[in-house]
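Each chain is listed here by its residues.
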Amino acid sequence: MGLRERLLPRLRSRDDRVFFLVHLPVPVIVFMLLASMLAVILYMSLPILEREGLRVFTSNVWRPSDDPAREEYGLLAAIYGTVYTSVIAVLVAAPLAVSLAVAIEELVPRRLRGAVEVLVDLMAATPTIVYGVWGLTYLAPLMKTVLNTLHEHLGWIPFFSKPTLTGLSYGTAGVLLGIMVVPYAAAVIREAYSMIPWHLREAVYSVGATRLEAIRVLLGSVRPSIVAALVLAMGRAMGETVAVSLVIGNSLNIDVALGSPGTTVSSLIASKFKAAAYYEYMMSALFAGGLALFLIGLAVNTLGILYIRRWEEEMHGAA
Amino acid sequence: MPSEVLVVEGLNVWLSGKHVVKNVSFKVPDRTVFALMGPSGSGKSTLLRALNRLLDIYEEAEVRGRVLLEGVDIYSPGVDPIWVRRRVGMVFQHPNPFPHLSIYDNVAIGPRLNRMVKSKRELDELVRWALEKAYLWDEVKDRLHMPAAKLSGGQKQRLSIARALALKPRVLLMDEPTANLDPVATEKIEELIAELKREIPIILVTHSPEQAARVADYTAFLYYGELVEVGPTGKIFTQPENPLTERYLLRRI
Amino acid sequence: MEPRDPSLRRRRLLDRLGLAVLAGLAGAALLPLLHILYTVAVNGAAAIARSGLVEFLTAPPRPLDPENPGGIGPALLGSLWLIALSAAIGVPLAVFAGVFIAEFRRAGLSRLVLLLSLLLVEFPTILVGLYVYTVYVLPRQRATGGVGEGYSLLAGALALALVMMPYVAVQVSEALRGVPRELREAAFSLGASRLKTVYRVLLGVARRGILVGVLIGLAKAAGETAPLLFTIGGGFEAYPRSPLQHGGAVPLLIYEYIQQAQPGYHQLAWGASLVLLALVSGIMLASRLLVRRVRL
Ligand SMILES: Nc1ncnc2c1ncn2[C@@H]1O[C@H](COP(=O)(O)OP(=O)(O)OP(=O)(O)O)[C@@H](O)[C@H]1O
Ligand SMILES: [Mg+2]
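Since the structure is predicted, the reported quantities are computational estimates derived from the model, not experimental observations.

### Remarks on the overall build of chain C
Now for step 1: Regarding its fold elements, chain C presents eleven helices and zero strands.
Now for step 2: Viewed in the frame of its principal axes, chain C has a C-alpha envelope of about 85 × 65 × 35 Å.
Now for step 3: Sorting the 296 residues of chain C into buried and exposed places 55% on the buried side.
Now for step 4: Contacts in chain C between residues far apart in sequence, at least 24 positions, make up 68% of those at least 6 positions apart.
Now for step 5: Per element, the accessible surface of chain C, about 12,800 Å² overall, is 63% carbon and sulfur.

### Here we look at empty space enclosed by the protein
The gaps left among the atoms become clear once a water-sized probe is rolled over them.
Now for step 1: Counted under the stated rule, the structure contains two cavities of 30 Å³ or more.
Now for step 2: Contributing to the lining of the largest cavity are 35 residues, with T128, Y184 and R236 of chain A together with K220 and E224 of chain C lying nearest its centre.
Now for step 3: Listing elements by their share of the lining of the largest cavity, those giving two or more residues are α6 (110–125), α7 (128–154), α8 (170–194) and α11 (223–239) of chain A together with α4 (108–121), α5 (125–144), α6 (153–177) and α9 (207–223) of chain C.
Now for step 4: Class assignment of the residues belonging to the lining of the largest cavity gives a composition of 23 nonpolar, seven polar and five charged.
Now for step 5: The space that makes up the second largest cavity amounts to roughly 160 Å³.
Now for step 6: Taken together, 14 residues make up the lining of the second largest cavity; nearest its centre are I29 and V30 of chain A together with L93, A97 and M165 of chain C.
Now for step 7: When grouped by side-chain class, the residues that make up the lining of the second largest cavity number 13 nonpolar, one polar and no charged.

### Overview of the interface of chain B and chain A
Now for step 1: Between chain B and chain A, the residue contacts involve 29 residues of the former and 26 residues of the latter.
Now for step 2: Contact between chain B and chain A buries roughly 2,300 Å² in total, counting both sides, with carbon and sulfur atoms accounting for 68%.
Now for step 3: Taken as a group, H100, L113 and K150 of chain B account for 27% of the area that chain B buries against chain A, more than any other trio of residues on that side.
Now for step 4: The salt bridge partner of R49 of chain B is E202 of chain A, with a shortest N-O separation of 2.6 Å.
Now for step 5: Ranked by residues supplied to the side of chain B that touches chain A, first place goes to helix α3 (residues 103–113) of chain B with three residues.

### Focus on the site of ligand 1
Residue and element names in this part refer to chain B.
Now for step 1: The environment of ligand 1 is formed by 15 residues, the closest being S40, K44, S45, T46 and E60.
Now for step 2: Taking S40, its side chain carries an N or O atom lying 2.5 Å from an oxygen atom of ligand 1.
Now for step 3: For ligand 1, whose accessible area on its own is 640 Å², the fraction buried by protein is 67%.
Now for step 4: Secondary structure elements with two or more residues in the shell around ligand 1: β2 (18–29) and α1 (44–50).
Now for step 5: When residues of the shell around ligand 1 are assigned to their parent elements, the largest contribution, three residues, is made by α1.
Now for step 6: Residues that form the shell around ligand 1 fall into these classes: three nonpolar, eight polar and four charged.

### What to know about the environment of G155 of chain A
Residue and element names in this part refer to chain A.
Now for step 1: Examined against the element boundaries, G155 turns out to sit in the loop between α7 and α8.
Now for step 2: On the accessibility criterion, G155 (24% relative accessible area) is partly exposed.
Now for step 3: Sequence-wise, G155 and A257 are 102 residues apart; in three dimensions their C-alpha atoms are separated by 9.7 Å.
Now for step 4: Residues in contact with G155, not counting those within four places in the same chain, are L150, F160 and S161.

### Some remarks on the interface of chain C and chain A
Quoted interface sizes are often the accessible area lost when the parts come together.
Now for step 1: Between chain C and chain A, the contact holds 82 residues from the first and 85 residues from the second.
Now for step 2: Summing both sides of the interface, chain C and chain A together bury roughly 7,600 Å²; the carbon and sulfur share of this comes to 79%.
Now for step 3: Taken together, the connections running from chain C to chain A amount to six salt bridges.
Now for step 4: Here R11 of chain C and E213 of chain A are joined by a salt bridge, their closest N and O atoms 2.9 Å apart.
Now for step 5: If you list the elements that add at least two residues to the side of chain C that touches chain A, you get α1 (6–51), α3 (73–103), α4, α5, α6, α8 (194–205), α10 (250–257) and α11 (263–290) of chain C.
Now for step 6: For the side of chain C that touches chain A, the element with the highest residue contribution is α1 of chain C, accounting for 22 residues.
Now for step 7: In the side of chain C that touches chain A, the residues fall into 61 nonpolar, twelve polar and nine charged.

### Quick look at the pattern of salt bridges
Now for step 1: Evaluation of the coordinates by the stated rule reveals 40 salt bridges over all chains.
Now for step 2: The salt bridge involving D30 of chain B is made with R31 of chain B; its shortest N-O contact spans 3.8 Å.
Now for step 3: Residue classification places D30 of chain B among the partly exposed positions, given a relative accessible area of 25%.
Now for step 4: One salt bridge connects R112 of chain B with D105 of chain B, and the closest N-O pair in it is separated by 2.9 Å.
Now for step 5: By relative accessible area, which is 41% here, R112 of chain B ends up partly exposed.
Now for step 6: Each member of the salt-bridge network shares a partner with another, and the members are E105, E117, D121 and R190 of chain A together with R288 of chain C.

### Focus: the layout of surface pockets
Now for step 1: The space that makes up the second largest pocket amounts to roughly 860 Å³.
Now for step 2: In this structure, the second largest pocket is lined by 23 residues; those nearest its centre are R12 of chain A together with E103, R106, R184 and R194 of chain C.
Now for step 3: The biggest single contributor to the lining of the second largest pocket is helix α7 (residues 181–188) of chain C, with four residues.
Now for step 4: Residues belonging to the lining of the second largest pocket are distributed by class as follows: eight nonpolar, one polar and 14 charged.

### Notes on the nonpolar core
Buried together is how nonpolar side chains tend to be arranged in soluble globular proteins.
Now for step 1: Among the nonpolar cores identified, the biggest contains 257 residues, and F57 and L100 of chain A, L6, F26, L51 and I203 of chain B together with Y133 of chain C are the most heavily contacted of them.
Now for step 2: Excluding anything up to four places from it in sequence, L6 of chain B contacts F26, K27, V28, L51, V67, L68, L69, V171 and I203 of chain B.
Now for step 3: Grouped together as the second largest cluster of nonpolar side chains are 43 residues, I103, L123, A166 and V215 of chain B included.

### Here's the deal with the pairing of strand β9 (residues 218–223) of chain B
Within a regular strand, side chains alternate between the sheet's two faces.
Residue and element names in this part refer to chain B.
Now for step 1: With four bridges joining them, strand β3 (residues 33–37) and β9 adopt parallel strand pairing. Bridging from a neighbouring strand, L36 pairs with A220 of β9.
Now for step 2: Between the antiparallel neighbours β9 and strand β10 (residues 226–232) lie two residues, among them Y224 with a positive phi of about 45°.

### Examining the packing of α6 of chain A against α8 of chain A
Residues and elements named next belong to chain A.
Now for step 1: Remark: α6 packs on α8, axes separated minimally by 8 Å, with the N-to-C direction vectors making an angle of 130°. With respect to their mutual orientation, α6 and α8 come out oblique. Our pair here, α6 against α8, has a crossing hand that is left-handed. From α6, E117, V120, M123 and A124 reach across to α8, where they touch I179, V182, P183, Y184 and R190.
Now for step 2: Among the residues forming the contact of α6 with α8, the class breakdown is seven nonpolar, no polar and two charged.

### Describing α3 of chain C
All names here are of chain C.
Now for step 1: With 31 residues, α3 extends 43 Å between its outermost C-alpha atoms, agreeing within 8% with the 45 Å of an ideal straight helix rising 1.5 Å per residue.
Now for step 2: Roughly 30° is the biggest bend found in α3, and it falls at A87.
Now for step 3: When you tally the buried positions in α3, you get 22 out of 31 residues, the bulk of the element.

### Description of the environment of P166 of chain C
Residues and elements named next belong to chain C.
Now for step 1: Take P166: it is sitting in helix α6.
Now for step 2: Exposure remark for P166: the relative accessible area of 5% places this residue in the buried category.
Now for step 3: For the pair P166 and F188, spaced 22 residues apart in sequence, the C-alpha separation works out to 27 Å.
Now for step 4: Other than its neighbours up to four places away in sequence, P166 contacts S117, L120 and V121.

### Quick notes on the side chain of T210 of chain A
Now for step 1: Of note, T210 of chain A is situated in the loop between α9 (198–206) and α10 (211–221).
Now for step 2: Aside from chain neighbours lying at most four places away, what touches T210 of chain A is Y205 of chain A, I82 of chain B together with R11, R12 and D15 of chain C.

### Quick notes on a nonpolar patch on the surface
Now for step 1: Together, L21, L24, V28, F31 and M32 of chain A together with L112 and L115 of chain C give the surface a local cluster of nonpolar side chains, amounting to about 620 Å² of exposed area.
Now for step 2: Secondary structure elements with two or more residues in the nonpolar patch: α3 (25–52) of chain A together with α4 of chain C.
Now for step 3: Ranked by residue count, the leading element in the nonpolar patch is α3 of chain A, at three residues.
Now for step 4: Turning to its location among the elements, L21 of chain A is positioned in helix α2 (residues 14–23).
Now for step 5: Take L21 of chain A: its relative accessible area is 55%, and that puts it in the exposed class.

Cut-offs and rules
- Residues numbered from 1 in each chain as written.
- Chains lettered and ligands numbered in written order.
- Predicted model: local features only at pLDDT ≥ 70, side-chain atom pairs only at ≥ 80, totals over all residues.
- Heavy atoms only, no water.
- Helix = DSSP H or I, 4+ residues; strand = E, 2+ residues; numbered from the N terminus.
- Buried < 20%, exposed > 50% of the residue type's maximum accessible area, 1.4 Å probe, protein only.
- Contact = heavy atoms within 4.5 Å.
- Areas by Shrake-Rupley, 256 points an atom, 1.4 Å probe, with all protein chains shown as cover.
- 1 Å grid on protein atoms, 1.4 Å probe; cavity = no way out; pocket = protein on both sides within 12 Å on 5 of 7 lines; lining within 4 Å.
- Points joined across faces, edges and corners; volume = space filled by probe spheres on them.
- Nonpolar A, V, L, I, M, F, W, Y, C, P; charged D, E, K, R; others polar.
- Buried area = accessible area lost by both parts, 1.4 Å probe.
- Salt bridge = Lys/Arg side-chain N within 4 Å of Asp/Glu carboxyl O.
- Near = heavy atom within 4 Å.
- Polar contact = N/O pair within 3.5 Å; in protein donor to acceptor, adjacent residues only side chain to side chain.
- Core = buried A, V, L, I, M, F, W, Y, C linked by side-chain atoms within 4.5 Å.
- Pairing = 2+ DSSP bridges.
- Axes fitted to C-alpha atoms, helices over the stretch in contact; angles between N-to-C directions.
- Parallel < 35°, antiparallel > 145°, perpendicular 65-115°, else oblique.
- Left-handed = near helix turned anticlockwise from the far one by under 90°.
- Expected span 1.5 Å × (residues − 1).
- Bend = angle between axes of the 7 residues up to and from the residue.
- Patch = residues over 30% accessible without salt bridge, like charges linked within 9 Å, V, L, I, M, F, W, Y side chains within 5 Å.

In short, shape yes, function no, at least from these values alone.
See below:
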C-alpha cells in the first residue's frame, strides 16, 4: 500500500468526497498551527541566537542594559530549574499516583469509589493558580520548617546543605508540582491497571501470592503505562507556570540544595516578560527559553516513547 | 493418610446470590485423573475455583461445605488460603503466563513467593525440573530469559503447567487446559496429563467427552450445578445411570 | 501437615504493612486537595463575606480600603468575556476537527491529526500565550504605537481557544467513536447526505460526551493563567467595555494580588480563588452527572 492510500481515507461515493473536502481544512489548520507555533518561537529567538549562539542556553547571566551592546542573557539556571523541579515532581508524584491508582482499584470499597473518583477529578480540574495560592500560603511555610529541620540534622547531604529563609525554593516548587500532577499520572496508571485481564489476576493468586505480592506482580505487567504516566506528568510539570513562579523564589541560581531559591524557564518568562519590552534582546532571550522548554519536553517524550517501544518489542517482537 | 487426596462434601457456591454449585460431593483418589464434564454454564469452573479457595478473590462468591485436602478442611477457620493455593496447582483455560516476566521467572514465581528454596542453585534445579515435567525444557532451555509473551499458545499453556508444578502441589486443577489450543498442542498436553498423574491427582474440567474418555480414570457429570453422576470413566461412558448423562454424551444437551 | 504455616506469618504481616503503606500514600495524595478545598473555602468565604456576595461579584476591588474592600467585578466580567469568546471561537472548530478525526478514523491523516492534537494538549500553555502575543498582540502594538498597547480580551480568548481546542476535539472524536454501530448504521440508512447525517444525527446521539468535553474544556480555559499573561493586558479596576480592549481576568487577578504585600490584596485573591474553584468544581460535578467517567 502506498503512502497515499494509507494517508487518505477511502472515499466510495461523491457524498463521501464532499464530506472529506469540507473537512479538509482540519488537517491543514492543525498542521499550520503547530508549524507556525514552532516557527514563531524559533523566529523570535533568532536575534539572541545570532548574537550569543548556543551560549544563551549554557551560561547563567541576566544582564539587561539600556545599551544593547552590553546586554547579555543566559538561560542555564532556568533550564536547570525546569528539569530539577520536574524531576522532584515526578519523584514525589510516582509513589503517590501509583498508590492512589491501585488503592482505588483494589482497596476502596465499591460504595466509596465514586466519591474518591470525584476527588481525583477535582484535583485535576483545580486551576493551577489555586494550587499556587495554596502553595505560597501554606506549603511554603511548611516546607520551610521541613527543609530547615532536615538541614539542621542532615546538612552534610548536598540536598539539605542550605537552609531557607522564606520556604520559596526548588524543594517547595518540586513538591507542589508533584502534588499537582498526581491526578494525571494516577488516571493513566489506573486505566491500565483496570485493564489487566482477570485471568492474570487469578494466576497470581493461584500460585499463592498475598494481596501485596499480587499487586506488585500486576503492577509489573503495566510498567509501560506507568512510564507513560510519569512522562506525561513530567511534561505537565515542566510546562507549568504560575504555581511554580509563586513558590520558587525567582532567582537565577543553580544549586542542588532543595532549600535554595531558583527559577524555571516558564517562571522566568512570566516574571521578566513585562520588563522585556524595554530592552533590545531580552524578549528574544525569553523566546529562546520557550524554545528550550519545547525541546526538553520533546526529548522527555521521545525517551518515554522509545522506552515503551522497546518494551513492546521485547514482549511481542520476533524471538 | 486416606488414599483420597481430595474429598469434597456437600459443597455449595453462590455467585451474586445465584446458586451455582449445589451440594456437590465427590472424592479424588491419589494418582488419578478426575474429569469434570458438563454443559456450558453448569458451574465447572466455579466448582474448580472452590477447591483452591480462588473464589476468595471473587467479592460476589459465597462458599459453604467442606473440601478436605489430605484430611484438612480448607474452609475451616484457621486455614490460610495461601497455604491452600501453595499446595494446589492450577492451570487455566486461557494460557496465562505473566507476559512481562521471563520464562524462568514465570516458573520461579511460585517458589520465590512461597520461599520454597534457599539458594539460586536450588531454584535453577526446581525450574528445570518443572519445565522438564511440563515437556517444555528442550524447547526453551536456551532462552530461559526471554519474555513469556513470545511463546506459542501451546508452549504458553505448558509454561502455565510448569508454573503450577513448580509449587510441587499435592493436586493439580486444570480448567479446560486445551480449549484454546490446536489439535497438536492438545495432544501434547494430554500426553503430559497421562504422565503427570503418575505422581499427583489431576482434576480436569473438560467440554469434550472424548478427552475425558482418553485421559480420565474417573468422570463426574455436572448439570446446572448438581453432580448428576460420578464414577469410573469406563462405566460412565458405557452404562450411564442418569439419562441426562447419556443425553450429554450423545451431544443432545 | 500443619495448615498454620509459620513462615506465612511474616508474609501476612508484610502484606498488611504494605497495604497500609499503600493506603497511607493514597490518602497522602488526596490530602493536599482536601486542605486546598478547606482553606479556599474558609479564606474565600471570609473574604466574600466582608463585601457580601453580590458586591464581591460585581464591584471593582478596593484592596487598600479595609472598610469597603469591594470585589472582583471587572475581572469576573473579563473572565466571562474570555470564556464566551474562546468558546465561540474554539468549540465549533473543535467539533469540526473532532468529526474529522472520528469519521476518517482509519485514514493515516486522521490518526496524524489525532496525534498532533494530543501533542497540542500537552503543549505548555505559556508558549501558547507567547505565540498569540507574537502573531496578534505585537502587530497591533506596532500599528497603534507604544509599549503596553495592543493587548485585548480577544487576544486572550484566542489563546484560550488554542488551549481548549485540541482537548475538546479529542473528546468530541471519542464521543463520536462511542456511538454504537447499530445507531450509526441506522443514522446512515436514513438516506441523508453524510454531512447532514453526521452533524444533525450523530452529533445529537453523542451529545452527552460532547457536552462534557466542551464543559471541561471551558473549565480548563476558565482556570488558565499563563496564556493570559501576555495577551489581555490586565487592569482589574475598570470594567472592560469591549473585548477589543485590554482587561483583567479572575486567575490573573489572583496571580497579581497574591504577590502584593498588603493583606487586602490577599483577601481579594482568596475570595476570587473560591469563585474560580466553585465554578470549576460545579462544571466537574455536572459532567460527572452526565457521564460515568471524565477524562482530563
Ligand atoms: N460473577 C458472577 N455472578 C453471577 N453469576 C455468575 C458469575 N460468574 C458466573 N456466573 C454464573 O455461574 C454459572 C456457572 O459458571 P461457570 O463459569 O462455573 O460455568 P462453566 O461450567 O465453567 O461454563 P463453561 O463451560 O462455559 O466454562 C453460570 O451460569 C454463570 O452464568
Ligand atoms: Mg468454565
